[in-house]
Amino acid sequence: MSSIKIESVIPDSSRCGESPVWEEKSNSLLYVDIPSKKIFRWNSLTKQVQEVTLDSPVSSVAIRRSGGYVATVGTRFCALNWEDQLLTDLCSVDKDKKNNRFNDGKVDPAGRYFAGTMAEETAPAVLERHQGSLYALFPNGTVEKYFDRVDISNGLDWSMDNKIFYYIDSLSYSVDAFDYDLQTGKIANRRSVYKLEKEEYIPDGMCIDTEGKLWVACYNGGRVIRLDPETGKRLQTVKLPVEKTTSCCFGGKDYSELYVTSARDGLDPDKLVRQPEAGRIFKITGLGVKGIAPYAFAG
Ligand SMILES: O=C(O)[C@H](O)[C@@H](O)[C@H](O)[C@H](O)CO
Ligand SMILES: [Zn+2]
């Protein structure tokens, strides 16, 4: 445990960094800055950062099996051709909710792109309640709506045996689980597997490791926590030098590095001075656990 090392790897900072995704073939980390409407691709070998600017807030990005990427932009599921910076709409949701936008999203082990929505915030975690829903874009182009009345749709991942879907609605301060049917993409039997402690603040993005334990970024809590969803116990806390830690994913060689995104929006000038690395991407090494490669959208 003493060999844990935390370093910020990219000099630029994001207003609200989110959706880190490791792209093995380019040795790169993809991530978004939601309010800046940008997707970034940081090459870990050359240290070069490329970016694409879109027309609306972009809340998640994923790899597409047929090439390029998919992303949630405003209330749209889109395909992105990086080279041409060409964005194509695949489908849109929440058409009756003009103030909504997508938030976190991730592809399931069968290639479906899950993402949820939320009302736009007036300040971090300040928004009209119960306006969001959880959706998935299936490879055949259809969209499934799972449930509504979500506050801030956030972290999501699947168990190693594909039988459980883990999900976070941030303002419930809970990490939830559903039974998952990989064949159909159906979810059932919602239950809470962990309730956040007061000092952990708000659960945000999440990823799973190969031992089936969950890593949850705690917004305002300045940490990632490792949870055992079977016992409901917290196994580990790793504190970071910024308080608005937003999401995490494993990447790097053998997926042994944990990449953590963060935000600087919502910090007052005083806190910004004390947290000069707010909004940066952090790499945590020496955790002694590994993650898995992200799944690619199959459509
Ligand atoms: O990226 C997200 O998940 C939201 O868009 C952010 O605004 C914050 O993380 C949220 O306010 C904390 O719950
Ligand atoms: Zn989030």
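Calculation rules
- Residues numbered from 1 in each chain as written.
- Chains lettered and ligands numbered in written order.
- Predicted model: local features only at pLDDT ≥ 70, side-chain atom pairs only at ≥ 80, totals over all residues.
- Heavy atoms only, no water.
- UniProt positions renumbered as here; feature names shortened; annotations may be inferred.
- Helix = DSSP H or I, 4+ residues; strand = E, 2+ residues; numbered from the N terminus.
- Polar contact = N/O pair within 3.5 Å; in protein donor to acceptor, adjacent residues only side chain to side chain.
- Contact = heavy atoms within 4.5 Å.
- Salt bridge = Lys/Arg side-chain N within 4 Å of Asp/Glu carboxyl O.
- Buried < 20%, exposed > 50% of the residue type's maximum accessible area, 1.4 Å probe, protein only.
- Donors = N, O, S within 2.8 Å, 3.2 Å for Na, K, Ca; no water.
- Tetrahedral: all angles 85-135°; square planar, octahedral: opposite > 155°, others 65-115°.
- Pairing = 2+ DSSP bridges.
- Axes fitted to C-alpha atoms, helices over the stretch in contact; angles between N-to-C directions.

- An unreviewed UniProt entry lists the protein under the name Regucalcin, with Vombatus ursinus given as the organism.
- The heading Subcellular location (unreviewed entry) in the UniProt record of the protein holds the text "Cytoplasm".
- One UniProt comment on the protein, placed under Catalytic activity (unreviewed entry), says "D-glucono-1,5-lactone + H2O = D-gluconate + H(+)".

1. As for the side chain of Asp157
So, point 1. Looking at where Asp157 falls in the secondary structure, it is placed in strand β14 (residues 153-158).
So, point 2. Within the local environment of Asp157, its side chain forms a polar contact with the backbone nitrogen of Ile208, the two atoms lying 3.1 Å apart.
So, point 3. Excluding anything up to four places from it in sequence, Asp157 contacts Lys106, Ile164, Phe165, Tyr166, Met206, Cys207 and Ile208.

2. Some details on the pattern of salt bridges
So, point 1. This model, assessed by the stated rule, comprises 20 salt bridges.
So, point 2. As a salt-bridge pair, Lys5 and Glu7 come within 3.5 Å of each other at their nearest N and O atoms.
So, point 3. By relative accessible area, which is 46% here, Lys5 ends up partly exposed.
So, point 4. Here Arg76 ties to Asp55 by a salt bridge, and the two come within 2.7 Å at their closest N and O atoms. One end of the pair, Arg76, is in strand β8 (residues 76-81); the other, Asp55, is in the loop between β5 (49-53) and β6 (58-63), and 21 residues separate them in sequence.

3. Considerations on the UniProt feature "binding site: a divalent metal cation" (unreviewed entry) in the protein
So, point 1. The residues that UniProt annotates with the feature "binding site: a divalent metal cation" (unreviewed entry) are Glu18, Asn154 and Asp204. A maximum C-alpha distance of 10.2 Å among these annotated residues, which run over 187 residues, shows that they cluster at one spot.
So, point 2. Take Glu18: it is sitting in strand β2 (residues 17-23).
So, point 3. The residues contacting Glu18, other than those within four sequence positions of it, are Tyr31, Val32, Ile34, Ser59, Asp104, Asn154, Asp204, Thr246, Ser247 and Thr261.
So, point 4. Note that Asp204 resides in strand β18 (residues 202-208).
So, point 5. Residue Asp204 is classed as buried on the basis of its relative accessible area of 5%.
So, point 6. Other than its neighbours up to four places away in sequence, Asp204 contacts Glu18, Asn154, Gly155, Ile168, Ser170, Val216, Ala217, Tyr219, Thr245 and Thr246.

4. Here's the deal with the coordination of the zinc ion (ligand 2)
So, point 1. Surrounding the zinc ion (ligand 2) are the protein donor atoms Glu18 (OE), Asn154 (OD1) and Asp204 (OD), which sit 1.9 to 2.2 Å from the metal.
So, point 2. Viewed at the metal, the four donor atoms of the zinc ion (ligand 2) are separated by angles of 86 to 177°, and the geometry they form is irregular.
So, point 3. Sequence positions of the donors to the zinc ion (ligand 2) reduce to the motif E-x135-N-x49-D. Of the two residues, Glu18 sits in strand β2 while Asn154 sits in strand β14, which places them 136 residues apart along the sequence.
So, point 4. A relative accessible area of 3% means that Glu18 is categorised as buried.

5. As for the side chain of Thr245
So, point 1. Tracing the sequence through the fold places Thr245 in strand β22 (residues 245-251).
So, point 2. Note on Thr245: relative accessible area 0%, which makes it buried.
So, point 3. Look past the residues within four positions of Thr245 in its chain and what remains in contact with it is Asp204, Ala217, Cys218, Tyr219, Gly222, Arg223, Leu240, Val260, Thr261 and Ser262.

6. Side note on the sheet that holds β14
So, point 1. On the basis of which strands lie adjacent, the open sheet formed by four strands has the order β14-β15-β16-β17 and antiparallel pairing. Each end of this open sheet is capped by a strand with a single partner; those strands are β14 and β17 (186-195). The mean inter-strand angle of the sheet, taken between neighbouring strand axes irrespective of direction, is 25°.
So, point 2. Pairing of strand β16 (residues 174-181) with β17 involves seven bridges; the strand directions are antiparallel. If you follow Ala177 over to β17, its bridge partner there is Arg191.

7. Brief notes about unusual backbone geometry
So, point 1. Phi at Lys37 is positive, roughly 60°, even though this residue is not glycine.
So, point 2. Looking at the element boundaries, Lys37 is found in the loop between β3 (28-33) and β4 (38-43).
So, point 3. Residue Lys37 is classed as partly exposed on the basis of its relative accessible area of 30%.
So, point 4. Although it is not a glycine, Ala125 sits at a positive phi angle of roughly 65°.
So, point 5. When you line up the elements, Ala125 lands in the loop between β11 (113-119) and β12 (132-137).

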